[in-house]
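# Structural overview
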Amino acid sequence: MAMMVGVVMVGLIGCGQEAPKTEAPKAPAPSAPAAPSKSVTDSAGQAVVDSIKQPLDKSRAVEGTLEKAAEKTADTVKDATP
């Protein structure tokens, strides 16, 4: 008997609960912005290449200067050794 009362109580409590709310369908996501024109992307890409190329050219020039200085130092050391 107590078991039946428990089942009835659970049934009554369970029926009093609200059904879970479902979300309304979302609006479709906005489309991606239009791609920039080829000339804009080309000029932007070239600007990036130029900004990287200039420091590399300077570092290559410094590298050449250092190599010449190292060769000169090595020649001086060879001449100084008996």
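Position numbers for residues count from 1 along each chain, tracking the sequence in the order it is written. Reporting of local features is limited, given that this is a predicted model, to residues whose pLDDT is at least 70; pairs of side-chain atoms are given and counted only at 80 or more, and all residues count toward the totals for whole chains, interfaces and linings. As a rule here, side-chain values come from all non-hydrogen atoms in the structure, and water together with hydrogens is ignored.

## Things to note about the pattern of salt bridges
When charged atoms on two side chains of opposite charge get close, those side chains can pair. Here, a salt bridge means any Lys or Arg side-chain nitrogen found within 4 Å of an Asp or Glu carboxyl oxygen. This model, assessed by the stated rule, comprises one salt bridge. Across the salt bridge formed by aspartate 57 and arginine 60, the nearest N and O atoms sit 3.2 Å from each other. Placement of both aspartate 57 and arginine 60 in helix H2 (residues 38-80) is noted, with a separation of three residues, approximately one turn of the helix. Here a helix means four or more residues in a row that DSSP labels H or I, a strand means two or more in a row labelled E, and each is numbered from the N terminus.

## Looking at a negative patch on the surface
The residues that make up patches have over 30% relative accessible area and no salt bridge, and they are joined within 9 Å when like-charged or within 5 Å when they are Val, Leu, Ile, Met, Phe, Trp or Tyr. Only the protein chains shown count as cover for residues, and all accessible areas are computed by the Shrake-Rupley method using a 1.4 Å probe. When charges are counted, Lys and Arg are positive and Asp and Glu negative, with His and the chain ends excluded. Charge placement uses NZ in Lys and CZ in Arg. For Asp and Glu, CG and CD serve respectively. Together, Glu63, Glu67, Glu71, Asp75 and Asp79 line one region of the surface with negative charge. Tracing the backbone shows aspartate 75 in helix H2. Relative accessibility decides the category of a residue: with a 1.4 Å probe and only protein chains considered, values under 20% of the type maximum give buried, values over 50% give exposed, and everything between is partly exposed. Judged by its relative accessible area of 43%, aspartate 75 falls in the partly exposed class.

## Quick notes on a nonpolar patch on the surface
On the surface, a nonpolar cluster with roughly 250 Å² of combined accessible area is contributed by Val48, Ile52 and Leu56. Along the polypeptide, valine 48 turns up in helix H2. According to the relative accessible area criterion, valine 48 is partly exposed, its value standing at 46%.

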